[in-house]
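Analysis of the macromolecular model
The primary structure of each chain is shown beneath.
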Amino acid sequence: MRITKIVGIALLMCVLNASAVYATESSTAETTTAETDAQKSAEPATEATESSEKQEESETTEDKSFVVCIDAGHQQKGDSKTEAIAPDSPHKKARVSSGTEGVGTKKAEYVVNLEAAMILKELLEAENITVVMTRETHDVNISNAERAEISNKANANITVRLHCDSISNSSKTGATILVPSDTNQNTKAIYEDSHAFAELLKCTLADKGVKVNGIFKREDMTGFNWSRVPVVVLEMGFMSNWNEDQMLSNPAYQKKLMEAVVEAVKGYRDSR
Ligand SMILES: [Zn+2]
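Every chain begins its residue count from 1, and numbering advances along the sequence as written. Under the rules for a predicted model, residues below a pLDDT of 70 receive no local features and side-chain atom pairs below 80 are neither given nor counted, while totals for whole chains, interfaces and linings still include all residues.

Comments concerning the overall build of the protein
A tally of helices and strands in the protein yields eight helices and eight strands. With C-beta atoms placed from the backbone, a residue counts as buried when 20 or more other C-beta atoms lie within 10 Å of its own, as exposed when 12 or fewer do, and as partly exposed for counts between those limits. Across the 272 residues of the protein, 50% fall into the buried class. Helix and strand definitions follow DSSP, with helices as H or I runs of at least four residues and strands as E runs of at least two, each counted in order from the N terminus.

Here we look at the nonpolar core
Here, a nonpolar core means buried Ala, Val, Leu, Ile, Met, Phe, Trp, Tyr and Cys residues linked by C-beta atoms lying within 7 Å of one another. Val68, Leu201, Val232, Leu234 and Val261 are the most contacted members of the largest nonpolar core, which totals 55 residues. Every element with two or more residues in this core is listed here: strand E1 (67-72), helix H3 (109-126), strand E5 (158-165), strand E6 (175-180), helix H5 (188-207), strand E8 (231-238) and helix H8 (251-271). Per element, the largest residue contribution to this core is 10 residues, and it comes from H5. Throughout, a pair of residues is in contact if the C-beta atoms placed from their backbones lie within 7 Å. In this view, Val68 contacts Leu124, Ile129, Val131, Ala156, Asn157, Ile158, Val160 and Val265; residues no more than four positions away in its chain are not counted. Formed by five residues, the second largest nonpolar core is a distinct cluster that contains Ile85, Ala145, Ala148 and Trp226.

Some points on helix H4 (residues 144-153)
In an α-helix there are 3.6 residues to a turn, and that puts residues three or four apart on one side. Counting buried positions over the 10 residues of H4 gives eight, a clear majority of the element. The elements touched by buried residues of H4 are E1, strand E2 (79-84), strand E3 (92-96), strand E4 (130-133), E5 and helix H6 (222-225). Looking one or two residues past H4, Asn155 carries a phi angle of roughly 50°, positive in sign.

What to know about the confidence of the model for the protein
One confidence number per residue, pLDDT, is output by the predictor and ranges from 0 to 100. For the protein, the mean per-residue pLDDT works out to 85, and 77% of the residues sit at or above 70. Throughout residues 16-55 the model reports pLDDT below 50, and contacts reaching past four residues in sequence, or to other chains, amount to 95 contacts. Below pLDDT 50 for its whole length, residues 57-61 participates in six contacts with residues either more than four positions away or in separate chains.

Remarks on unusual backbone geometry
Even without glycine at this site, Lys106 takes up a positive phi of about 60°. Within the secondary structure layout, Lys106 lies in the loop between E3 and H3. By the C-beta count within 10 Å, which is 9 here, Lys106 ends up exposed. Of note in this structure, Asn155 is not a glycine but carries a positive phi near 50°.

Brief notes about the packing of H3 against H8
With their axes 9 Å apart at the nearest point, H3 and H8 run at an angle of 45° to one another. In terms of orientation, H3 lies oblique with respect to H8. Where H3 crosses over H8, the two elements pack in a sense that is right-handed. Here H3 contributes Glu115, Ala116, Ile119, Leu120, Leu123 and Leu124 to the contact with H8, which in turn contributes Gln254, Lys255, Leu257, Met258, Glu259, Val261, Val262 and Val265. Here an axis means a line fitted to C-alpha atoms, over the contact stretch when the element is a helix, while the angle between two N-to-C directions is reported on a 0 to 180 degree scale. Angle categories: roughly parallel below 35 degrees, roughly antiparallel above 145, roughly perpendicular from 65 to 115, and oblique for all the rest. Working rule for handedness: look at the near helix, and if it is turned counterclockwise from the far one by less than a right angle, call the crossing left-handed; if clockwise, right-handed.

So, the sheet that holds E4
Strands sit in the order E4-E1-E5-E8-E6-E7 across an open sheet of six strands; the sheet is mixed. Because the sheet does not close on itself, it has two edges, and the strands there are E4 and strand E7 (212-218). Ignoring which end each strand starts from, the neighbouring axes of this sheet average 25° apart. By the convention used here, strands pair only if DSSP detects at least 2 bridges between them. Bridge analysis of E6 against E8 gives three bridges, and the strand direction is antiparallel. If you follow Ile177 over to E8, its bridge partner there is Leu234. Its contacts with the sheet put H3 on E1, E4, E5 and E8, and the angle it makes with E5 is roughly 145°. Its contacts with the sheet place H4 against E1, E4 and E5, and it is angled at close to 165° to E1.

Pasting the structure below:
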């Protein structure tokens, strides 16, 4: 498992750097903080082998063959019409939920998500990485399943879904990383790579002094369950916390968060 070994070494270095930051934060994680919104989907997954083939190709070609799909969560108006949360599932959820809004800024989450996404796009392209965006405007109607399908069709090496959190406890802060489940039959094929990326991201965020609540598996997210490529949600912080709400709209803080994503992407790419 060469990939695992290399990622493991990178992680070890990162953890050593970040250990001071983590010491006081690791026990605060809670599994219920993530909003129940983020989901997308794409089409019924037919093969899990596509992504590994793509990764092999990228070893022998230029960096531009490495593809990152960025999904800025939500849109101007949610769509309460439903879609299946997974291929062949009888369970349905809203196509796109409306997201949260800042407790102080009163800014809609979908706006912050796209601001960060556009920064990330620019930073990744500067690294010669190909970027596919699920949206670049607010006035769209793209379900979570359809968003996953965009990354499937692009055969993305990794999909990064950007969201912000909200919770009734207004003191809660920090970033949270969500990954697909390793037991769900729809996502077990993408779990290992998704989790490897999530571990790198946790590390690069911590290196920049960003509090990370942890990495949590989710089985209930349409956007995970329809994805055939590795995928994570980065909940960038809590818009229900006055201070973090302000920070999440600060371009410098957005850039810091996205620089951490870029570092994780590069580490992930180089480990392939
Ligand atoms: Zn969200």
